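Listed below are the residues making up each chain.
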Amino acid sequence: MSTGVPAGYDPYAFEPFAVTVDLAVFTVHATRLDVLLVERGEDPYKGCWALPGGFVRPHESAEDAARRELAEETGLTPDTASALHLEQLRTYSDPDRDPRMRVVSVAYAALVPDLPEPRGGGDAASARWWDAGATGPLAFDHDRILADAYDRIGAKLEYTCLATAFCPPEFTLGELQQVYETVWGVTLDRPNFRRKVLATPGFVQAVEGPPRRTGGRGKPAALYRAGAATALHPPLLRPEGHF
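Residues numbered from 1 in each chain as written. Predicted model: local features only at pLDDT ≥ 70, side-chain atom pairs only at ≥ 80, totals over all residues. Heavy atoms only, no water.

Digging into the packing of aromatic side chains
Line of reasoning, step 1. One pass over the structure, following the stated rule, counts five aromatic pairs.
Line of reasoning, step 2. Look at W49 and W130: their rings are 5.2 Å apart centre to centre, the planes differ by 65°, and that puts the pair in the edge-to-face class. Note that W49 is positioned in strand β3 (residues 49–50) and W130 in strand β7 (residues 124–131), a separation of 81 residues in sequence. For the pair formed by W49 and W130, the shared burial category is buried.
Line of reasoning, step 3. Considering the side-chain rings of Y180 and F193, the 5.5 Å spacing of their centres and the 65° angle between planes classify their relative orientation as edge-to-face. You can see Y180 sitting in helix α4 (residues 173–184) and its partner F193 sitting in helix α5 (residues 190–199), a full 13 residues away along the chain.
Line of reasoning, step 4. The class for Y180 is buried, based on a relative accessible area of 0%.
Line of reasoning, step 5. Judged by its relative accessible area of 4%, F193 falls in the buried class.
Line of reasoning, step 6. Here a set of aromatic residues connected by ring pairs shows up, and it is made of Y180, W184 and F193.
Line of reasoning, step 7. The ring of Y92 has R90 sitting right over it, with the charged end atom 4.7 Å from the ring centre.
Line of reasoning, step 8. The cationic tip of R128 hangs over the ring face of W130; the distance from NZ or CZ to the ring centre is 4.0 Å. (Phe/Tyr/Trp six-rings, centres within 6.5 Å; stacked < 30°, edge-to-face > 60°. Helix = DSSP H or I, 4+ residues; strand = E, 2+ residues; numbered from the N terminus. Buried < 20%, exposed > 50% of the residue type's maximum accessible area, 1.4 Å probe, protein only. Lys NZ or Arg CZ within 6 Å of the ring centre and 35° of its normal.)

Quick look at the nonpolar core
Line of reasoning, step 1. Within the largest apolar cluster, 43 residues are counted, with the highest numbers of intra-cluster contacts made by F26, F166, L176, Y180 and F203.
Line of reasoning, step 2. Listing elements by their share of this core, those giving two or more residues are β1 (18–29), β2 (32–40), β5 (85–92), β6 (103–111), α3 (142–159), α4 and α5.
Line of reasoning, step 3. Broken down by element, this core gets its largest block of residues, six residues, from α4.
Line of reasoning, step 4. With near-sequence residues (within four places) excluded, L176 lies in contact with A163, T164, C167, F171, F193, V197, F203 and V204. (Core = buried A, V, L, I, M, F, W, Y, C linked by side-chain atoms within 4.5 Å. Contact = heavy atoms within 4.5 Å.)

Some remarks on the environment of R119
Line of reasoning, step 1. Residue position: R119 is located in the loop between β6 and β7.
Line of reasoning, step 2. For the pair R119 and A71, spaced 48 residues apart in the sequence, the C-alpha separation amounts to 10.0 Å.
Line of reasoning, step 3. Excluding its chain neighbours within four sequence positions, the residues that come into contact with R119 are E73, T74, G75 and A127.

With respect to α4
It helps to recall that an α-helix has 3.6 residues per turn; residues three or four apart then point in one direction.
Line of reasoning, step 1. With twelve residues, α4 extends 17 Å between its outermost C-alpha atoms, agreeing within 8% with the 16 Å of an ideal straight helix rising 1.5 Å per residue.
Line of reasoning, step 2. Buried within α4 are the following residues: L173, L176, Q177, V179, Y180, T182, V183 and W184.
Line of reasoning, step 3. Contacts from the buried residues of α4 go to β1, β2, α3, α5, β8 (204–206) and β9 (224–226). (Expected span 1.5 Å × (residues − 1).)

Regarding the pattern of salt bridges
Line of reasoning, step 1. The tally for this structure, following the rule as stated, stands at 15 salt bridges.
Line of reasoning, step 2. R152 serves as the salt-bridge partner of E87, at 3.1 Å between the closest nitrogen and oxygen. With a gap of 65 residues between them, E87 in strand β5 and R152 in helix α3 connect regions that are remote in the sequence.
Line of reasoning, step 3. Its relative accessible area of 14% is what places E87 among the buried residues.
Line of reasoning, step 4. Judged by its relative accessible area of 27%, R152 is partly exposed.
Line of reasoning, step 5. The shortest N-O distance in the salt bridge between K156 and E87 comes to 3.1 Å. One end of the pair, K156, is in helix α3; the other, E87, is in strand β5, with 69 residues separating them in the sequence.
Line of reasoning, step 6. Several salt bridges converge on common partners, so that one network encompasses R57, E60, R68, E69 and E72. (Salt bridge = Lys/Arg side-chain N within 4 Å of Asp/Glu carboxyl O.)

Digging into unusual backbone geometry
A negative phi holds for most residues other than glycine; trans holds for most peptide bonds.
Line of reasoning, step 1. In this structure, P44 follows D43 across a cis peptide bond, with omega equal to 0°.
Line of reasoning, step 2. With respect to the secondary-structure elements, P44 resides in the loop between β2 and β3.
Line of reasoning, step 3. Cis peptide bonds are those with omega within 30 degrees of zero, and the linkage from H233 to P234 qualifies with 0°.
Line of reasoning, step 4. Tracing the chain through its elements places P234 in the segment after β9.
Line of reasoning, step 5. At F140, a position not held by glycine, the phi torsion is positive, near 55°.
Line of reasoning, step 6. Along the polypeptide, F140 turns up in the loop between β7 and α3.

Written out as structure tokens, the structure is:
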């Protein structure tokens with residue numbers, strides 16, 4: 001079977017366009033959901049805050065580009081960036097979304113445990129964590145991408161084990177509950193949450209060894225790690241009225 005270019009095919013007959021990646025990177029700091037933003041160092045939107053991202057190179061995949069841009073624009077090491085949980089969100093292709101030319105962007109959501117303060121790199125003047133609910137206007141159509149990413153992770157916490165991606169390798173059930181409460185903006189009943197988590201096959205796995213004192217006056221808390229499951233059966237649903 002031939003895999004060459006068909007005779008008479010002219011690739012220049014089509015209007016050229018660029019492909020970029022944009023990343024909505026979330027973490028939980030204390031009781032706040034934060035998103036990683038970079039200050040643009042070049043036009044367009046020089047001096048404005050935006051999601052990290054950039055152009056896909058000719059010989060790399062969109063996911064490879066996303067991890068490269070994440071490392072370049074935030075100062076994270078390539079090893080750290082390559083280990084993060086990335087999930088493709090959707091494609092944004094409005095014709096006028098970028099004033100430079102026709103640009104189609106593949107957006108990703110990244111969920112990470114607490115990381116050191118980032119620093120700008122590449123064409124980003126600086127980088128920092130922002131309260132995901134108080135970023136102010138962003139460059140390009142990044143407000144829309146951020147809103148879509150926030151809705152996605154809130155919904156996926158109900159049906160998947162994604163919440164453990166916000167936690168360190170070993171965590172307490174209190175730390176896991178804090179992820180749900182922070183992302184959903186609710187207060188959950190602790191005994192009920194604990195019962196549901198432990199009754200869900202493969203959600204978490206107990207860690208052998210001594211429990212960890214969490215700073216309160218109660219007894220030390222047992223440690224867990226992410227289990228083998230990827231989906232929650234039954235789902236862990238948000239309280240009614242919080243969507």
